[in-house]
Amino acid sequence: MRIRAATAVPAAVSAAAAALLLTAPQSQAAAGHERAAHCAERALTLRAKAVTGHRTVLRVSVTNRTARACVVDRVPTVTFGGLDGAALPVPEGGTGGYRLAAGGTVYAAVRTIGDPADPEARRADSVTVAASTAHWGRTFGPGRLGTGRQVLVWEPVTTWWQPTARAADRIIGLG
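Everything numeric in this text was worked out from a predicted model, so none of it was measured.

Draft legend 1. The pattern of salt bridges, seen in detail. Inspection of every chain in the model, using the stated rule, returns 1 salt bridge. As a salt-bridge pair, Asp-169 and Arg-59 come within 2.4 Å of each other at their nearest N and O atoms. A residue pair is termed long-range when its members are at least 10 positions apart, and Asp-169 in helix 4 (residues 165-172) and Arg-59 in strand 2 (residues 54-64) qualify at 110 residues. Judged by relative accessible area, which is 28%, Arg-59 ranks as partly exposed.

Draft legend 2. Molecular detail of the side chain of Thr-128. Mapped onto the fold, Thr-128 is located in strand 9 (residues 127-130). For Thr-128, a relative accessible area of 16% gives the class buried. At 2.8 Å, the side chain of Thr-128 forms a polar contact with the side chain of Thr-139. Beyond its immediate sequence surroundings of up to four residues, Thr-128 is in contact with Thr-77, Val-78, Thr-79, Trp-136, Gly-137, Arg-138 and Thr-139.

Draft legend 3. Structural view of helix 4. For helix 4, every residue scored as buried is listed here: Ala-165, Ala-167, Ala-168, Asp-169 and Ile-172. If you follow the buried residues of helix 4, they end up packed against strand 2, strand 7 (105-111) and strand 12 (157-159). A positive backbone phi angle near 100° is found at Gly-173, which sits one or two residues after helix 4.

Draft legend 4. Geometry of the sheet that holds strand 7. Pairing within the open sheet is mixed, and its 5 strands lie in the order 1-2-7-12-5. At either margin of the open sheet sits one strand with a lone partner, and together these are strand 1 (44-51) and strand 5 (88-90). Geometrically, the sheet is characterised by an average inter-axis angle of 25° between neighbouring strands, direction not taken into account. Here strand 1 runs beside strand 2; their pairing, made up of 8 bridges, is antiparallel. By the bridge assignment, Ala-48 is partnered in strand 2 with Val-60. Helix 4 contacts strand 2, strand 5, strand 7 and strand 12 of the sheet and is inclined by roughly 25° relative to strand 7.

Draft legend 5. Summary view of the sheet that holds strand 10 (residues 138-140). Reading across from one edge, 4-9-10 is the order of the 3 strands in this open sheet, with antiparallel pairing throughout. With one partner strand each, in any of the chains shown, strand 4 (77-80) and strand 10 form the two edges of the open sheet. Sheet twist, expressed as the average angle between the axes of neighbouring strands with direction ignored, equals 20°.

Criteria and thresholds
- Residues numbered from 1 in each chain as written.
- Predicted model: local features only at pLDDT ≥ 70, side-chain atom pairs only at ≥ 80, totals over all residues.
- Heavy atoms only, no water.
- Salt bridge = Lys/Arg side-chain N within 4 Å of Asp/Glu carboxyl O.
- Helix = DSSP H or I, 4+ residues; strand = E, 2+ residues; numbered from the N terminus.
- Buried < 20%, exposed > 50% of the residue type's maximum accessible area, 1.4 Å probe, protein only.
- Polar contact = N/O pair within 3.5 Å; in protein donor to acceptor, adjacent residues only side chain to side chain.
- Contact = heavy atoms within 4.5 Å.
- Pairing = 2+ DSSP bridges.
- Axes fitted to C-alpha atoms, helices over the stretch in contact; angles between N-to-C directions.

Below, the structure written as structure tokens:
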């Protein structure tokens, strides 16, 4: 399985951004260019379930339960219990943030394996989904996912967050 490295923002970059904000003229600071903060993990609800009739495709969602918009990673982090690596983003280049509206829900689709009969298929006892690499995420067992006794995995991919489940499904090749 391919490995996806976690990304982090260096403290120096954060300090530089803060310095720029503090030195901006008042007229620019009050111009209404409000920037949403990163979502706190406790403010989010994560869900995951296999798509009916497609046990190798998971539909995941994240809901912002707060009254303010916040930012999650552009692509969910999806890992598989007992295996190295994470699902790769489709399309590539999934770094950056995604603004999640207050009370809003966004969706992604995860293809765990292209061909369930593949002799190189690995088997996982769980799937963990996180809205941001800084979060622990939520772990789902195969029974809760609806994938059978295990989750088949080989070169898994995940979509970027999408406004609807249908949009995520289309990207992964469903309906």
